[in-house]
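If you want the building blocks of each chain, they are given just below.
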Amino acid sequence: SSARVEEPLPPGEWVALLPGSKRDKLQVGVPFLLDTADRLAQRRPGCQFLLPVAPTTSVAELLAWASRANPIARYYGSGEPRQQGNALITAAGTTIRLIESHPAHGPLSQCALALTTVGANTAELGALAVPMIVLVPTQHLHVMQAWDGWLGLLARLPGLRALLGVALTAWRLRHRGFLAWPNISAGRAVVPERVGAIQPEAIAEEAAHWLEHPERLAGLRDDLRSLRGRPGAVRALAGLVRELLPPADPV
């Protein structure tokens, strides 16, 4: 595509990290994905990482979410990163290239795999035919209360710790068992979804397994390409985008 020609990445195996675009997803997503990147880099030393900086946040905010100022960060082992030019360098030495251009379609389309939170990111990656693992860590319920959409509603339910499993099951059944846009559109598990008290170690292991099998990634790309233009795709994407918009002011 023209985006690949205009914005070529250096050769290599690239993995995209998409922690979300709003503060309450970033608070969990940034430390979770930095820890995951460190663990994946240990398994595949040649792996390279990029992180598109959403227009609703900044590099300074990403650094803050990865720091001790974020109480969630203490649950993860990546430590405090530093900025070096257009990259974040984790305490373990993992380099994560920052993409500050919007939209980041060119760099994303060149990635072998993406690790992403649920939401409109999954529609964008699906449209670009980028294989993905969709992550919904539910272990930080006090943060999830401020999330948009159904996850925020569930997290605000009284007695959630007892009801979360039932509520998640009911929602997933209503949507044919899926949360990510490509899966909802297809009515089957095109891309893996990991929901629950997931941990960076397990996600890094799964990501490494995918990367070790490029033929499976190629098949997943083909599946995602086949979904383009399916009936209801535009409606599904529009619904996901609406979740990202601020509520309209009352008239």
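Residues numbered from 1 in each chain as written. Predicted model: local features only at pLDDT ≥ 70, side-chain atom pairs only at ≥ 80, totals over all residues. Heavy atoms only, no water.

*Asks:* I tried to follow the nonpolar core on my own but got confused; where do I start?
*Replies:* One recurring pattern in soluble globular proteins is that nonpolar side chains are buried together. In terms of nonpolar packing, the biggest core is built from 62 residues, with L17, L40, F49 and L115 touching the most fellow members. No other element matches helix 2 (residues 23-43), which puts nine residues into this core. Non-local contacts of L115, meaning those with residues more than four positions away in its chain, are made with V15, A16, L17, L18, L33, T36, I133, L135, I203 and A207. (Core = buried A, V, L, I, M, F, W, Y, C linked by side-chain atoms within 4.5 Å. Buried < 20%, exposed > 50% of the residue type's maximum accessible area, 1.4 Å probe, protein only. Helix = DSSP H or I, 4+ residues; strand = E, 2+ residues; numbered from the N terminus. Contact = heavy atoms within 4.5 Å.)

*Asks:* Whenever I open this one, the packing of aromatic side chains confuses me. Can you help?
*Replies:* Here the distance between the centres and the angle between the planes together describe a pair of aromatic rings. As enumerated under the stated definition, the model contains one aromatic pair in all. Here F32 and Y76 contribute two aromatic rings whose centre-to-centre distance is 5.6 Å and whose plane-to-plane angle is 70°, an arrangement assigned as edge-to-face. Of this pair, F32 sits in helix 2 while Y76 sits in the loop between helix 3 (59-65) and strand 3 (82-84), and the two are 44 residues apart along the sequence. The burial state of F32 is the same as that of Y76; both residues are buried. Over the ring of W210 we find R216; its NZ or CZ atom is 4.2 Å from the centre of that ring. (Phe/Tyr/Trp six-rings, centres within 6.5 Å; stacked < 30°, edge-to-face > 60°. Lys NZ or Arg CZ within 6 Å of the ring centre and 35° of its normal.)

*Asks:* Which parts of the structure should I look at to understand helix 5 (residues 120-127)?
*Replies:* Buried residues dominate helix 5, accounting for six of its eight residues. A129 occupies a position one or two residues after helix 5 and carries a positive phi of about 60°.

*Asks:* Please clarify how the pattern of salt bridges should be interpreted in this entry.
*Replies:* Side-chain pairs of opposite charge can arise whenever the charged atoms involved come near each other. One pass over the full model with this rule turns up eight salt bridges. The residue E201 makes a salt bridge to R43 at a minimum N-O spacing of 2.4 Å. Linking E201 in helix 10 (residues 200-211) with R43 in helix 2, this pair joins segments that are 158 residues apart in sequence. Note on R43: relative accessible area 34%, which makes it partly exposed. Note that R225 is salt-bridged to D222, the shortest N-O span being 3.1 Å. Linking R225 with D222, this pair stays in helix 11 (residues 214-227), spanning three residues, or about one helical turn. Of the residues examined, R225 reaches a relative accessible area of 40% and is grouped as partly exposed. Bridged by salt links that share partners, the residues D35, R39, R43 and E201 form one connected network. (Salt bridge = Lys/Arg side-chain N within 4 Å of Asp/Glu carboxyl O.)

*Asks:* Even after reading the chapter, I still don't get the packing of helix 2 against helix 10, so can you show me in this structure?
*Replies:* In helix packing, the relevant descriptors are the interaxial angle and the interaxial distance, both defined with respect to the helix axes. Running from amino to carboxyl end, helix 2 crosses helix 10 at an angle of 50°, the nearest separation of the two axes being 8 Å. In this view, helix 2 runs oblique relative to helix 10, as classed from their interaxial angle. Every pair of crossing elements has a handedness; the one defined by helix 2 and helix 10 is right-handed. Of the residues in helix 10, those touching helix 2 at F32, D35, T36, R39, L40 and R43 are P200, E201, I203, A204, E205, A207, A208 and L211. Class assignment of the residues belonging to the contact of helix 2 with helix 10 gives a composition of eight nonpolar, one polar and five charged. (Axes fitted to C-alpha atoms, helices over the stretch in contact; angles between N-to-C directions. Parallel < 35°, antiparallel > 145°, perpendicular 65-115°, else oblique. Left-handed = near helix turned anticlockwise from the far one by under 90°. Nonpolar A, V, L, I, M, F, W, Y, C, P; charged D, E, K, R; others polar.)

*Asks:* In this structure, what is going on with unusual backbone geometry? I would like to understand it.
*Replies:* Glycine aside, residues mostly have negative phi angles, and peptide bonds mostly take the trans form. A cis geometry characterises the amide bond from H102 onward to P103, with omega recorded as -10°. Locating P103 in the fold gives a position in the loop between strand 5 (95-99) and helix 4 (105-109). You will see that A129, though not glycine, has its phi angle at about 60°, which is positive. Considering the arrangement of structural elements, one finds A129 in the loop between helix 5 and strand 7 (132-137). The buried category is assigned to A129, whose relative accessible area is 0%.

*Asks:* Explain the packing of helix 10 against helix 11 here, please?
*Replies:* The interhelical angle for the contact between helix 10 and helix 11, taken along N-to-C directions, is 90°, at an axis separation of 6 Å. Here helix 10 lies roughly perpendicular to helix 11, going by the angle between them. On helix 11, the residues that touch H209, W210 and L211 of helix 10 are P214, R216, L217 and L220. Residue composition of the contact of helix 10 with helix 11, grouped by class: five nonpolar, one polar and one charged.

*Asks:* Would you mind showing me how to read the environment of I203 here?
*Replies:* Tracing the backbone through its elements, the reader meets I203 in helix 10. Overall, the relative accessible area of 3% leaves I203 in the buried class. For the pair I203 and I133, spaced 70 residues apart in the sequence, the C-alpha separation amounts to 8.4 Å.

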